[in-house]
Amino acid sequence: MDLVEELQGIAQKAAAWAVAAGAEAAEVVVGDGVELTTKVRLGEPELVQEAGSRALGLRVFRDRRPAVTQTTDLSDDALRRFVQETVDLAKLSEPDELNQLPPDGSFATAIPDLDLFDERVLAITAAQGLALAKEAEAASRGFSPRITNSEGATFSRSSGARAFAIEGRGRAGFLAGYRSSGLSLVVEPLADDAGGKKRNGYWWTWSRFCDGLEPAAEVGREAARRVVAKLGAEKIPTARMPVVFDPQAGRALLGALAGVISGGAIYRRASYLLDREGTAIASPLVNVADDPLVPRAPGSRPYDGDGLPTRRNVVVEGGVLRTFLLDTYSARKLGRSSNGCAGRGIGGGPHVTTSNFVLAPGAAKREQLFAGLSRALYVTDLMGFGFNATTGDFSRGAAGFLVENGAPGRPVSEVTISANFDALWKSVDMVADDLDARSATACPSFRVSEMMVAGR
Amino acid sequence: MTQPLPASPLARGVVDAALARSLLEIALSSGGDWADLYFEYLTAADFVLEDEKVKSVGRGITCGLGVRVLKGDATGYAYCEQLDPEAMRRAARAAAQIAAAGASQPHEAVRSITLPDFYPVAQPSLAAIPDAKLELLRRADRAARAADPRIVKVSCSLAESLKEVVIVGADGRLARDTQPMVRFSVGVVAEEDGKRQSGSSGGGGRKGMEYFTEHSPEWHGAEAARVALAMLHAADAPAGEMEVVLGPGDSGILLHEAIGHGLEADFNRKQTSNYSGRVGQRVASTLCTVVDDGTIGHTRGAINVDDEGNEGRRNVLIQDGVLVDYMHDRLSAKHFRRTPSGNGRRESFRCQPLPRMTNTLLGAGPHDPDEIVRSVKRGIYARRFSGGQVNINNGDFVFSLTEGYLIEDGRITTPVKGVNLIGNGPDVLTKVTMLGRDFQLSDGMWTCGKDGQSVPVGVGTPTIKIAAMTVGGTKA
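Residues numbered from 1 in each chain as written. Chains lettered and ligands numbered in written order. Predicted model: local features only at pLDDT ≥ 70, side-chain atom pairs only at ≥ 80, totals over all residues. Heavy atoms only, no water.

A short note on the overall build of chain B
Here is step 1: Scanning chain B for helices and strands turns up 10 helices and 23 strands.
Here is step 2: Projecting the C-alpha coordinates of chain B onto the three principal axes gives extents of approximately 70 × 55 × 35 Å.
Here is step 3: In chain B, which comprises 476 residues, the share counted as buried stands at 62%.
Here is step 4: The long-range fraction of contacts in chain B, counting pairs at least 24 apart against all pairs at least 6 apart in sequence, stands at 75%.
Here is step 5: A total of about 16,000 Å² of accessible surface is found on chain B, and carbon and sulfur atoms cover 49% of it.
Here is step 6: Side chains of chain B give 54 positive and 58 negative charges; the mean places of these two sets differ by 2 Å. (Helix = DSSP H or I, 4+ residues; strand = E, 2+ residues; numbered from the N terminus. Buried < 20%, exposed > 50% of the residue type's maximum accessible area, 1.4 Å probe, protein only. Contact = heavy atoms within 4.5 Å. Areas by Shrake-Rupley, 256 points an atom, 1.4 Å probe, with all protein chains shown as cover. Lys, Arg positive; Asp, Glu negative; His and termini not counted. Charge placed at Lys NZ, Arg CZ, Asp CG, Glu CD.)

Here's what the structure looks like:
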């Protein structure tokens, strides 16, 4: 039997048992995955880890009261007991008219094939993984004599399937599933700097398909290039200046933006963008969309965590906030309808998560972002968690390069960059065309006209 | 009143010496020079109250076996999620493959070892009736709302777990432990004149319901409200280098990031930390004595046994400013020819153990805390934090302030907006110029992440004065 059909069978069975045990509705998520991780350090194998896992998550409603549970024991006897315990557990909860299944008739009916699975991924052996990692690490160490050590190179592959079944008395059910795969290679060389400091950096490649990985040696060389460039990094004096974010660093800002437009943050009143729909929240150069339907993309999903169809949502258009991202519960809390943004793990109920959340590329070349700048900071690394979603105050550790005379020059570390998020997004004055789409939250390089950089 | 706990296969004796023997034999069949087995049965539950309603009740059971085989510095690792004989043998075979086609290695006779008990609990909280826990959430919610009419949103949660483990090594030592954990938290949003601010408070430990007689839900509710209100009209923070005073307790997060991670011996075995090769050298001001202590009763970071089967211990890392030792797991202890220090920890049976902290503490100093504040002309007083991070290789670390104040002419004055503080580990500890007498342990709420694995930890410090640190505010 096909793996998805097998998992759907388990999900349907558990949902039916829950309804038979007294629940008026039940949702069951079943996940199955196989993973292999191989790591090489200084040319020798350091880790080979192999594992298969299967787990089931259950949400039931009994007398309108929800309970959410998970288990890894899927034998029939254990599962039957677990389902009964979950239905009993719901008695402790309180009925909440908003915390219920989506309206009848709203479940996804056509499940699109988003080309998320390559069956060849599963066939990659530990020896092949070690060979790729070894090649990548060797290329990084061979790039420059300044590369003196290594945190290693890691190849990972995963292959899995998900199934989702929803059953409710007196209403249409839902049954769907899909397979997905992924493989990645990451290299992290080290260089010795003055004062006993080590300089680190990394580069990586990811794909759902075997043929989508960048060549291992190129990944290794790029990682080494980034490390060597950091040698001699130091603090700079405290001052206001323009800040250019490379796509790796910029992604963290975009991720923080995703948090404050999520329905959960809005109904909890823990977002500085409350009541800001339809108004300018960013510069006209800023266009952001969340699109779960991109074939082969890292964040794609054919249906959402409530069982609703997924769709592309334009979030920011020409700087104007068009919509919040909503799941069924947060939408009801706000008196609206879901726009299909529920994510779902095995444990826990549905909650808003982004899919492929992307800042659209602009027209500028990356070099143009530095042109004409006499003093600015080019940020390639961010550290820490300094973002207050409720107030929008942003303050994080940063490292990168000082821009002088229109180009990035000497390396900088141990500084912080700070601004209020409202001002930060409004002062984006250039967006480059170099979108880096390896990750689900993705952006091109972009420039903010002024931030406070604290250093010496 | 109590409720029955689910029947754990570990308690039922499914894992005995005979099973351990047969799995170790398979794990060592290809010539590995060490193998260990980590059986785990975890029961967890959580309760969330939001907008005065029980939003969710949840429960989860996770069970499995992790098998590790070492050959030189290389690790073979595999796990299974059922304690089914065939699945367990398969995991042992998969892990064995790291040692390709060597001769089968012997293991010692399997025997149970006796462990200390740093967290005896009369009754795990999981066995207490759920209604009692929902009532705790309601009490915290009422207290937060009653604190001030400007508190507009309150959410409270209680998470509890009971982890049973059986750890068996190729040396034949079989260790059993039962690890309770409770964590309570309250988050609020305050609003006034279009301004909004959030605040939170939480704690817990390896305790049962008695945690709440020592730390009432009302206290946490009122404290979350106090923080949100104190910060509601916070001023812009200054930017640049200045004197920083860190309050007692949670400021230990500075220690955890600035020096703790850098002393985890895996980094030093690989020569990738900037503390590599510095044992015996001065790395901090002479005021500083730093210990990692897994033996403090009922704390979040306490462990009777680490996840490689070694007893939890108290280890001095820095004595009067001089680096004494690193924190070891089995691999690094072998490399440095030390005895394992009881720091080999893992998140679950799905992960290989790594050197990790337990409770990391900076001992008390000679100064009066008020005297420390009075000594500062212009600086920041830091009281609460949301977290931190370190770059092990170069020592740069950050931590994020969620409750802080200006110090002006020796007095704590205006609240300032949440900012990031950044420093370099080896540099910042040499700048500790005053240390208070007021040592405090954090309430149990911290979780440390490393290589994608989360483990519960504790921190503790007295009031600390740092002569210069970069404050990431927005005001010149």
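A few points about helix α2 (residues 85-96) of chain B
Residues and elements named next belong to chain B.
Here is step 1: Here α2 is 12 residues long and its end C-alpha atoms lie 17 Å apart, about the 16 Å a rise of 1.5 Å per residue gives.
Here is step 2: Among the residues of α2, those classed as buried are Ala87, Met88, Ala91, Ala92, Ala95 and Ala96.
Here is step 3: Taken together, the buried residues of α2 touch α1 (17-27), β1 (34-50), β2 (53-71) and β3 (74-80). (Expected span 1.5 Å × (residues − 1).)

With respect to the interface of chain A and chain B
Here is step 1: On the side of chain B, 73 residues touch chain A, which itself brings 70 residues to the contact.
Here is step 2: Taken over both partners, the interface formed by chain A and chain B buries close to 5,600 Å², and the fraction arising from carbon and sulfur atoms is 48%.
Here is step 3: Between chain A and chain B we count 7 salt bridges in total.
Here is step 4: Across the pair aspartate 396 of chain B and lysine 197 of chain A runs a salt bridge, and its minimum N-O distance is 4.0 Å.
Here is step 5: When residues in the side of chain A that touches chain B are grouped by element, the largest group, 10 residues, is from strand β2 (residues 44-62) of chain A. (Buried area = accessible area lost by both parts, 1.4 Å probe. Salt bridge = Lys/Arg side-chain N within 4 Å of Asp/Glu carboxyl O.)

Re the confidence of the model for chain B
Here is step 1: Summary statistics for chain B give a mean pLDDT of 93 and a share of 98% for residues scoring 70 or more.
Here is step 2: Across chain B, the secondary-structure element scoring lowest on mean pLDDT is helix α7 (residues 265-269) of chain B, at 86, and the one scoring highest is helix α9 (residues 369-374) of chain B, at 98. (pLDDT = per-residue confidence, 0-100.)

Some points on the nonpolar core
Here is step 1: Counting 56 residues, the largest nonpolar core has Leu56 and Val60 of chain A together with Phe184 of chain B as the members making the most contacts within it.
Here is step 2: A total of 9 residues in this core trace back to one element, the largest contributor, which is helix α1 (residues 3-20) of chain A.
Here is step 3: Beyond its immediate chain neighbours, meaning those up to four positions away, leucine 56 of chain A contacts Ile10, Ala14, Val28, Val29, Val30, Thr69, Gln70, Thr71, Leu74, Leu79, Phe82 and Ile346 of chain A. (Core = buried A, V, L, I, M, F, W, Y, C linked by side-chain atoms within 4.5 Å.)

Some words on the domain arrangement of chain B
Residue and element names in this part refer to chain B.
Here is step 1: Per the domain assignment, the segments of chain B are domain 1 (17-232) and domain 2 (239-472).
Here is step 2: Domain 1 and domain 2 are separated by 22 Å when their C-alpha centres are compared.
Here is step 3: Counting from both sides, the interface comprises 51 residues of domain 1 and, opposite them, 42 residues of domain 2.
Here is step 4: Summed over both sides, the interface between domain 1 and domain 2 buries roughly 3,800 Å², with carbon and sulfur atoms accounting for 50% of that surface.
Here is step 5: The interface formed by domain 1 and domain 2 contains 24 residue pairs in polar contact (both at pLDDT 80 or more).
Here is step 6: Among the secondary structure elements, those contributing two or more residues to the side of domain 1 that touches domain 2 are β1, β2, β3, β5 (151-169), β6 (173-192), β7 (195-205) and α5 (217-232).
Here is step 7: With 7 residues, the single largest contributor to the side of domain 1 that touches domain 2 is β2. (Domains from an automatic or database assignment. Polar contact = N/O pair within 3.5 Å; in protein donor to acceptor, adjacent residues only side chain to side chain.)

Focus: the domain arrangement of chain A
All names here are of chain A.
Here is step 1: Split by domain assignment, chain A resolves into domain 1 (3-229) and domain 2 (239-454).
Here is step 2: Relative placement of domain 1 and domain 2: their C-alpha centres are 24 Å apart.
Here is step 3: With 46 residues of domain 1 at the interface, the matching set in domain 2 holds 37 residues.
Here is step 4: Of the roughly 3,200 Å² buried where domain 1 meets domain 2, counting both sides, 58% is carbon and sulfur surface.
Here is step 5: When the buried area of domain 1 at its contact with domain 2 is split by residue, Leu98, Leu114 and Trp204 rank highest and sum to 19% of it.
Here is step 6: At the boundary of domain 1 with domain 2, the tally comes to 3 salt bridges.
Here is step 7: Here arginine 344 ties to glutamate 27 by a salt bridge, and the two come within 2.8 Å at their closest N and O atoms.

Some details on the side chain of asparagine 149 of chain A
Here is step 1: By the secondary structure assignment, asparagine 149 of chain A is in strand β4 (residues 147-168).
Here is step 2: Judged by relative accessible area, which is 9%, asparagine 149 of chain A ranks as buried.
Here is step 3: A distance of 3.0 Å separates a polar atom in the side chain of asparagine 149 of chain A from a polar atom in the side chain of arginine 41 of chain A.
Here is step 4: The residues contacting asparagine 149 of chain A, other than those within four sequence positions of it, are Arg41, Leu42, Pro189 and Leu190 of chain A together with Lys270, Gln271 and Thr272 of chain B.

Section: the layout of surface pockets
Here is step 1: Estimated volume of the second largest pocket: approximately 920 Å³.
Here is step 2: Taken together, 43 residues line the second largest pocket, and the ones lying closest to its centre are Ala161, Arg162, Tyr178, Ser180 and Arg344 of chain A.
Here is step 3: Those elements giving two or more residues to the lining of the second largest pocket turn out to be β1 (25-41), β2, β3 (65-71), β4, β5 (174-192) and β12 (342-343) of chain A together with β2 of chain B.
Here is step 4: Residues of the lining of the second largest pocket, tallied by class, amount to 15 nonpolar, 18 polar and 10 charged. (1 Å grid on protein atoms, 1.4 Å probe; cavity = no way out; pocket = protein on both sides within 12 Å on 5 of 7 lines; lining within 4 Å. Points joined across faces, edges and corners; volume = space filled by probe spheres on them. Nonpolar A, V, L, I, M, F, W, Y, C, P; charged D, E, K, R; others polar.)

Digging into empty space enclosed by the protein
Here is step 1: Under the counting rule described, the total for this entry stands at 3 cavities of 30 Å³ or more.
Here is step 2: Taken as a whole, the largest cavity encloses approximately 50 Å³ of empty space.
Here is step 3: In terms of lining, the largest cavity is formed by Thr69, Gln70, Phe82, Glu85, Thr86 and Leu89 of chain A together with Arg59, Gly60 and Ile61 of chain B.
Here is step 4: If you tally residues by element for the lining of the largest cavity, the top one is helix α2 (residues 76-89) of chain A, at 4 residues.

Describing unusual backbone geometry
Here is step 1: Of note, the phi angle at arginine 296 of chain A is positive, near 65°, even though the residue is not glycine.
Here is step 2: Position of arginine 296 of chain A relative to the elements: it lies in the loop between β9 (288-290) and β10 (313-317).
Here is step 3: Classification of arginine 296 of chain A as partly exposed rests on a relative accessible area of 37%.
Here is step 4: The backbone of glutamine 271 of chain B sits at a positive phi, close to 60°, despite the residue not being glycine.
Here is step 5: Here glutamine 271 of chain B shows up in the loop between α7 and β9 (290-293).
Here is step 6: Looking at glutamine 271 of chain B, the relative accessible area reads 43%, which means it is partly exposed.

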